[in-house]
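Residue-level structural notes
Here is what each chain is made of, one letter per residue.
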Amino acid sequence: MKFNLDTLRGLIAGDQYAARVVPPSGFTAQLTLFASGAMAFLAVFALALSLASGRLAQRWGDELAGTATIRIVAPQDQLAEQTAAALNVLETTPGVASARALTDAEQQALLAPWFGSDLPLDTLPVPRLIEIFTTGQSFDATGLRLRLAAEVPGAVLDDHGRWRAPLVAAAQRLRFLGWLAAGLILAAVASMVTLAANAALAANAQVVAVLRLVGATDSYIAQAFVRRFTWRALVGSTVGVALGIAAVWVLPAGSDAPSFLTGIGFEGVGWLVPLALPLVCALVALAATAVAADRALKELS
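The sections below set out a description of the structure shown in this document. Small disclaimer: the values here were computed from a predicted structure and weren't measured.

1. Points about the overall build of the chain
- When helices and strands are tallied, the chain shows ten helices and four strands.
- Element order for the chain, N to C, with α for helix and β for strand: α-α-α-β-α-β-α-β-α-β-α-α-α-α.
- A buried classification covers 37% of the 301 residues belonging to the chain.
- Counting only contacts in the chain whose residues sit at least 6 apart along the sequence, the fraction spanning at least 24 positions is 85%.
- Here the chain displays about 16700 Å² of accessible surface, and carbon together with sulfur accounts for 66% of that area.

Printed below as a string of structure tokens:
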């Protein structure tokens, strides 16, 4: 079956006589509608997970890239002096927007999940932490490490690179898996439609033979099958996408804490992405049915 302007016009307008070749009901109709609807429903969640993972990767990267930490490891009698020296270094460091030393209460709150809230910091050699907020690309972590090594021997800089890289990589891989899942879902739609089209053609083998006897071309017959199964896939996927969007809409909204378990959904123009699924499913069904019809008609010759 060759596609041209007349073929596309015929697929859209239809032919009431050619449409009778394909049974309007039966298990092929239910199979196509259910398969396209169910797969479109799952594809909405795959796309939602993929887009949410992309946002999470960007969020993690931006938040961790904009902060750094200095750990002051020194005897108690030198801790305040070295902390002040490190803050003086940071005041003249390009790319540092602000820096401050964490208070005892803040450090105790950080250690509370592991050691309890009654941890006596004054009796333990707990290092002093300095929180740094950077301005972006102008921050030179390597240069700052060299300055600290020369002026504040007990200072250790952590630019969060070792934490940021694996987290962002995991989110990006999850985003890739989401798109891969959407592709596999579309492949499953193509497989289901192909099986249904082959079953319909086999069930109507005698009708096809009669149509050939009265002069109908294989292209005319194939067009009837292609149009019917394309519309079935379009209707089924539209219903599936509508249900999927409704299900995503009622999911819990994302919290301020970045997590895979919250914020799975669409934001802004991202809501337009699943709206393209019915058209994509219809095009997949069109191509799959056209190939199946051409092959089946050749076998029935």
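2. Brief notes about a nonpolar patch on the surface
- On the surface, Leu33, Val235, Val239 and Leu243 cluster together to form a nonpolar patch covering roughly 330 Å² of accessible area.
- By the secondary structure assignment, Leu243 is in helix H9 (residues 218–249).

3. Quick word on helix H5 (residues 104–115)
- For H5, built from twelve residues, the straight-helix expectation of 16 Å at 1.5 Å per residue is missed by more than 12%, its first-to-last C-alpha distance being only 14 Å.
- Two residues or fewer past H5, Gly116 is found with a positive phi of approximately 90°.

4. Remarks on the nonpolar core
- Counting 33 residues, the largest nonpolar core has Ile221 and Phe229 as its most contacted members.
- Listing elements by their share of this core, those giving two or more residues are helix H3 (27–65), helix H7 (161–203), helix H8 (205–213), H9 and helix H10 (277–299).
- The next biggest cluster of nonpolar side chains, apart from the first, holds 17 residues, and it includes Ile70, Ala86, Leu90 and Leu144.

5. A look at the sheet that holds strand E3 (residues 128–134)
- Read across the open sheet, the four strands follow the order E2-E3-E1-E4; overall the sheet is antiparallel. Across the chains shown, the open sheet's two edge strands, defined by having one partner strand only, are strand E2 (96–101) and strand E4 (155–158). Taking the axes of each pair of neighbouring strands and ignoring which way they run, one obtains an average angle of 20° across the sheet.
- The strands that helix H4 (residues 76–91) touches are strand E1 (67–72), E2, E3 and E4; relative to E3, the one it contacts most, it runs at about 10°.
- Of the strands in this sheet, E1 and E4 touch helix H6 (residues 141–151), which is tilted by about 170° from E4.

6. Digging into the packing of H4 against H6
- Between H4 and H6, the least distance of the axes is 11 Å, while the angle of their chain directions is 145°. As H4 packs across H6, the resulting crossing turns out to be right-handed. For the pair H4 and H6, the contacting residues are Ala86, Val89 and Leu90 in the first and Leu144, Arg147, Leu148 and Glu151 in the second.
- When the residues that make up the contact of H4 with H6 are grouped by side-chain class, the tally is five nonpolar, no polar and two charged.

7. A word on the pattern of salt bridges
- One pass over the structure, following the stated rule, counts three salt bridges.
- One salt bridge connects Arg100 with Glu106, and the closest N-O pair in it is separated by 3.0 Å.
- One salt bridge connects Glu131 with Arg100, and the closest N-O pair in it is separated by 3.5 Å. Remark: Arg100 occurs in strand E2 and Glu131 occurs in strand E3; sequence separation between them is 31 residues.
- For Arg100, a relative accessible area of 36% puts it in the partly exposed group.
- Each of Arg100, Glu106 and Glu131 takes part in a single network of salt bridges with overlapping partners.

8. A closer look at the side chain of Arg128
- Positionally, Arg128 belongs in strand E3.
- The class for Arg128 is buried, based on a relative accessible area of 17%.
- Of the polar contacts made by the side chain of Arg128, one reaches the backbone oxygen of Leu102; its length is 2.9 Å.
- Sequence-distant contacts of Arg128, defined by excluding residues within four places in its chain, comprise Ile70, Arg71, Ile72, Leu79, Thr83, Ala101, Leu102, Thr103, Asp104 and Gln107.

9. Structural notes on the packing of H9 against H10
- Contact geometry for H9 and H10: axes closest at 8 Å, N-to-C directions at 150°. With respect to H10, the axis of H9 lies roughly antiparallel. The chirality of how H9 crosses H10 is right-handed. From H9, Asp218, Ile221, Ala222, Phe225, Val226, Phe229, Thr230, Ala233, Leu234, Ser237, Thr238 and Val241 reach across to H10, where they touch Leu277, Pro278, Leu279, Cys281, Ala282, Ala285, Leu286, Thr289, Ala290, Ala293, Asp294 and Leu297.
- Broken down by class, the residue content of the contact of H9 with H10 amounts to 18 nonpolar, four polar and two charged.

Conventions used here
- Residues numbered from 1 in each chain as written.
- Predicted model: local features only at pLDDT ≥ 70, side-chain atom pairs only at ≥ 80, totals over all residues.
- Heavy atoms only, no water.
- Helix = DSSP H or I, 4+ residues; strand = E, 2+ residues; numbered from the N terminus.
- Buried < 20%, exposed > 50% of the residue type's maximum accessible area, 1.4 Å probe, protein only.
- Contact = heavy atoms within 4.5 Å.
- Areas by Shrake-Rupley, 256 points an atom, 1.4 Å probe, with all protein chains shown as cover.
- Patch = residues over 30% accessible without salt bridge, like charges linked within 9 Å, V, L, I, M, F, W, Y side chains within 5 Å.
- Salt bridge = Lys/Arg side-chain N within 4 Å of Asp/Glu carboxyl O.
- Expected span 1.5 Å × (residues − 1).
- Core = buried A, V, L, I, M, F, W, Y, C linked by side-chain atoms within 4.5 Å.
- Pairing = 2+ DSSP bridges.
- Axes fitted to C-alpha atoms, helices over the stretch in contact; angles between N-to-C directions.
- Left-handed = near helix turned anticlockwise from the far one by under 90°.
- Nonpolar A, V, L, I, M, F, W, Y, C, P; charged D, E, K, R; others polar.
- Polar contact = N/O pair within 3.5 Å; in protein donor to acceptor, adjacent residues only side chain to side chain.
- Parallel < 35°, antiparallel > 145°, perpendicular 65-115°, else oblique.

Just distances and angles here, no functional claims.
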